[in-house]
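Remarks on the overall topology
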Amino acid sequence: MRVIAPLEQRFPRPSVMGVINVTPDSFSDGGVHFRPEDAIAAGRRMVEEGAAIVDVGGESTRPGSVGVTAEEELQRVVPVLEGLRGLPVSIDTAKAEVARVAVDELGAVLVNDVTALRADPELAGVVASSAAYLCLMHMQGEPRTMQLDPRYEDVVSEVAAFLEERLDFAVAAGVPEERICLDPGIGFGKTVEHNLELLRRLDELAALGRPVLVGVSRKSTLGRLLGDPDARTGTTAASVAAAVLAFERGASILRVHDVREHVEALTVAAAL
Ligand code: HH2
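Below or above, wherever it landed, is the structure these notes cover. As the structure is a prediction and not an experimental result, all values here were calculated from the model.

Here the focus is the layout of surface pockets. Estimates place the volume of the largest pocket at around 680 Å³. In terms of lining, the largest pocket is formed by 34 residues, of which the most central are Phe27, Arg62, Pro63, Gly187 and Ser220. Mapped by element, the contributors of at least two residues to the lining of the largest pocket are strand S1 (15–21), helix H7 (192–200) and helix H9 (220–225). Here the lining of the largest pocket takes three residues from H9, the largest share from any one element. Among the residues forming the lining of the largest pocket, the class breakdown is eleven nonpolar, 14 polar and nine charged. Taken as a whole, the second largest pocket holds about 330 Å³ of empty space. If you go around the second largest pocket, you meet 20 residues; those closest to its centre are Glu59, Thr61, Ala94, Thr115 and Pro143. Looking at side-chain class alone, the lining of the second largest pocket contains six nonpolar, seven polar and seven charged residues.

See below:
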């Protein structure tokens, strides 16, 4: 097995992950980066602006979305990964075949799986046999139906128990623990109040002992907090506020659409 640095060394707190959705239908930037040349230019700019990694995804997981085939996902992400070769890139996928091509052939260094290795039984093996880092995210239900009626007794302890179980599963499948980070999955089968509770008590997830990744950027919870009950997105300013406080409560990696603003705010937050 190749020796690679523990995730916390490679991505020290706070690190910014820039989001590139190569999709026509993502909730906040759908269509913006659908042409490979636009996605590649955006990825390069994000790295120049200070992103530690750029997360490339070819399938939207927004509430109500139905998913695409591996062929379609590959058609979307391969040209972008080719164009970003040499830069730090992660692949946002739940499919083993997409992850394999991204990591083994196109240099992706992290697999970001919003299903936490539950969707594709082959994915754990692909990650284990590579030198890639892994993000395990919590989701209640599936994107098509997850926002219909999410319920928890205590959202924080349930998410923590889930992440601990998926961490054990990944390690048992051969992925070294020091390559894994955990993510509460803001907006994935959660009400506004569930999302806020997870962010307020993020220290309880950090206490699991692995770096925590948080993706709250532009999510509808932020727009709803600002007074629009039907908001589908949130503003950049609201995203930055949430990211800074998530960092203060223990988040290591912030997954964001507006890289420059987050890098500036987090640099100041870290200095304070
Ligand atoms: N959120 C989205 C997608 N992938 N991955 C992780 N680890 N954490 C997140 O919070 C997360 C994620 C949804 O946001 P986005 O990629 O902007 O939209 P879409 O899923 O519609 O493409």
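Picking up where we left off.
Time to look at unusual backbone geometry. Pro14 follows Arg13 through a cis peptide bond whose omega is -15 degrees. The residue Pro14 is located in the loop between helix H1 (7–10) and S1 in this model. Of note in this structure, Ala116 is not a glycine but carries a positive phi near 55 degrees. With respect to the secondary-structure elements, Ala116 resides in the loop between strand S4 (110–113) and helix H5 (123–128). Owing to a relative accessible area of 0%, Ala116 belongs among the buried residues under this scheme. One non-glycine residue, Arg218, adopts positive backbone phi at about 60 degrees.

Calculation rules
Residues numbered from 1 in each chain as written. Predicted model: local features only at pLDDT ≥ 70, side-chain atom pairs only at ≥ 80, totals over all residues. Heavy atoms only, no water. 1 Å grid on protein atoms, 1.4 Å probe; cavity = no way out; pocket = protein on both sides within 12 Å on 5 of 7 lines; lining within 4 Å. Points joined across faces, edges and corners; volume = space filled by probe spheres on them. Helix = DSSP H or I, 4+ residues; strand = E, 2+ residues; numbered from the N terminus. Nonpolar A, V, L, I, M, F, W, Y, C, P; charged D, E, K, R; others polar. Buried < 20%, exposed > 50% of the residue type's maximum accessible area, 1.4 Å probe, protein only.

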